[in-house]
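# Coordinate inspection notes
Below, each chain spelled out in residue letters.
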Amino acid sequence: AMAQRSSPEEEYAGVVSSLPSYPKLRLRHYQGMWLMEYTLPGIMAIQRSFVPRRHGDVVLASPGKCGTTWLKALAFAVLARGAYSPASDRHPLLRLNPHDCVPFMEGAISEGWGGKIDELPSPRLMSTHMQHAALPKSIADEPGCKVVYICREPKDILVSAWHFFRIIEPDLSFQEVFEAACDGKFLTGAIWDHIIGYWNACKANPEKVLFLVYEDLLRDPANIVRKLADFLGQPFSSTEEEAGLVTDIVRLCSFENLKSLEVNKMGEASFAFPNASYFRKGKAGDWKIHMTPEMVECFDTIVKEKMHGSGLVF
Ligand code: A3P
């Protein structure tokens with residue numbers, strides 16, 4: 001009989017289980033980073049054999065809990081606007097969660113449905129939480145492959161991550177998430193390394209990496225939507241501007257609108273997180289009600305030190 005090809009999850013199970021582990025956050029230590037265990041087979045498979053398309057792939061990258069869901073919705077609406085008017089009451093984002101429109105690469109591959117990614121039409125729109133240094137050369141070097149990065153005020157990342165992770169680990173305290181993060185243990189590796197890696201990549205090659213910040217998006221979403229369209233090589237025409245397409249996209253993807261949709265209230269996405277868990281508060285500065293002055297002082301000091309000289313401030 002022919003040998004059956006195994007899924008990355010099966011193929012890498014042995015390697016993954018041999019890595020140092022931090023069970024409290026379900027992390028394993030790999031290539032110098034603490035990473036979500038369930039994504040590791042996907043990461044390993046991507047590093048080994050991901051092939052970008054010459055005619056354009058778009059990878060949305062983030063450390064997680066930074067507005068990835070929002071960015072997915074916006075990028076999808078921008079790129080699909082020829083086929084689906086953002087004002088249409090039949091827009092896919094009205095019946096699908098943004099994560100079902102834009103697959104999470106290492107998650108999908110780990111779970112054995114990486115084939116879906118091969119089937120996407122060009123330009124493929126995909127997402128990753130991999131750090132820049134961990135991306136395969138094929139993504140980092142292929143000029144046709146564009147990367148859009150989103151991050152946010154690091155203290156708000158912690159707060160958002162804690163609320164999210166509590167869905168599967170109800171006993172986890174904020175203190176525990178905080179202490180782990182100070183120690184470089186976060187879902188996608190040390191937060192500062194994640195941010196600085198893409199920040200430097202953007203500085204080195206702004207045509208290839210667009211660096212976005214959640215708080216800027218909250219302040220002026222229309223401006224960022226235009227930036228995104230320009231960067232993806234599909235700027236809004238004056239006709240589109242006059243027709244109000246930018247406003248329509250902002251409205252379609254707004255927190256209030258997406259959160260209120262039936263699919264996002266009820267739907268059960270993969271990885272045990274219900275769709276609703278991706279729409280919590282949608283505001284900047286929630287850290288103020290979760291962190292003591294000591295925690296703030298301690299975390300700010302670490303972040304400042306790590307980001308020193310990068311030119312990046314939050
Ligand atoms: P909070 O937990 O601070 O509310 P990710 O998508 O990377 O997992 O990030 C989730 C964060 O983005 C959550 O932050 C969530 O509420 C917020 N978010 C999701 N959709 C949004 C939208 N359309 N507009 C603004 N914020 C959004």
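Described below are features of the structure shown in this document. None of these values were measured; they are calculated from a predicted model.

## Focus on the overall build of the chain
A count of helical and extended segments in the chain gives 18 helices and 7 strands. Computed over C-alpha atoms, the radius of gyration of the chain comes to 19 Å, within 12% of the 20 Å expected from 2.2 N^0.38 for 314 residues, which places it in the range of a compact globule. The dimensions of the chain, computed from C-alpha atoms along their principal axes, are 65 × 55 × 40 Å. Per-residue burial for the chain yields a buried fraction of 55% across its 314 residues. Within the chain, residue pairs in contact and separated by at least 24 positions form 74% of the contacts whose partners lie at least 6 positions apart. When the accessible surface of the chain is split by element, carbon and sulfur atoms take 53% of a total near 14,800 Å². Side-chain charges of the chain comprise 34 positive and 38 negative groups, with the mean position of each set lying 2 Å from the other.

## Details of the sheet that holds strand β1 (residues 21–22)
Strand order across the open sheet formed by 3 strands is β1-β2-β3, with antiparallel pairing between neighbours. Two strands close off the open sheet at either side, each with one partner strand: β1 and β3 (33–36). Where β1 lies against strand β2 (residues 27–30), 2 bridges are found, and the strand directions are antiparallel. Note on β2: the bridge partner recorded for S21 is R28.

## Concerning the site of the ligand
Of all residues adjacent to the ligand, which total 18 residues, the nearest are K65, T68, T69, S160 and R280. At 3.0 Å, a backbone N or O of G67 approaches an oxygen atom of the ligand. Take T69: an N or O atom from its side chain is 2.5 Å from an oxygen atom of the ligand. Out of a free accessible area of 570 Å², the ligand has 97% covered by protein chains. With 3 residues, the single largest contributor to the shell around the ligand is helix α4 (residues 68–79). For the shell around the ligand, the class distribution of residues is 7 nonpolar, 7 polar and 4 charged.

## Brief notes about the pattern of salt bridges
Pairs may arise between side chains of opposite charge once their charged atoms sit close together. If you walk through the whole model with that rule in mind, you get 15 salt bridges. Of the charged contacts, one joins E11 and R48 as a salt bridge, the two residues approaching to 2.9 Å between their closest N and O atoms. One end of the pair, E11, is in helix α1 (residues 8–11); the other, R48, is in helix α3 (residues 40–49), with 37 residues separating them in the sequence. Taking the relative accessible area as the measure of exposure, E11 reaches 38% and is therefore partly exposed. The network of salt bridges with common partners includes E153, K155 and D300.

## Some remarks on the sheet that holds strand β7 (residues 209–213)
Taken together, the 4 strands give an open sheet; going across it, the order is β5-β4-β6-β7, and neighbouring strands pair in parallel fashion. Among the strands making up the open sheet, the edge pair consists of β5 (124–128) and β7. Across this sheet, the average inter-strand angle for adjacent strands is 20°, counted without regard to direction. Of the strand pairs in this sheet, strand β4 (residues 57–61) and strand β6 (residues 145–151) are connected by 5 bridges, and their pairing is parallel. Paired with V59 across the strands is V147, a residue of β6. Relative to the sheet, helix α11 (residues 191–204) contacts β4, β5, β6 and β7, its axis offset from that of β7 by approximately 130°. The strands touched by helix α13 (residues 221–231) are β6 and β7; relative to β7, the strand with the most contacts, the crossing angle is about 170°.

## Some points on the pairing of β4
Burial analysis of β4 places 5 of its 5 residues in the buried class, the great majority of the element. Strand direction decides the pairing type here: β4 and β5, joined by 5 bridges, are parallel. Counterpart to L60 in the pairing with β5 is S127.

Rules used throughout
- Residues numbered from 1 in each chain as written.
- Predicted model: local features only at pLDDT ≥ 70, side-chain atom pairs only at ≥ 80, totals over all residues.
- Heavy atoms only, no water.
- Helix = DSSP H or I, 4+ residues; strand = E, 2+ residues; numbered from the N terminus.
- Rg over C-alpha atoms; globule rule 2.2 N^0.38 Å.
- Buried < 20%, exposed > 50% of the residue type's maximum accessible area, 1.4 Å probe, protein only.
- Contact = heavy atoms within 4.5 Å.
- Areas by Shrake-Rupley, 256 points an atom, 1.4 Å probe, with all protein chains shown as cover.
- Lys, Arg positive; Asp, Glu negative; His and termini not counted.
- Charge placed at Lys NZ, Arg CZ, Asp CG, Glu CD.
- Pairing = 2+ DSSP bridges.
- Near = heavy atom within 4 Å.
- Polar contact = N/O pair within 3.5 Å; in protein donor to acceptor, adjacent residues only side chain to side chain.
- Nonpolar A, V, L, I, M, F, W, Y, C, P; charged D, E, K, R; others polar.
- Salt bridge = Lys/Arg side-chain N within 4 Å of Asp/Glu carboxyl O.
- Axes fitted to C-alpha atoms, helices over the stretch in contact; angles between N-to-C directions.

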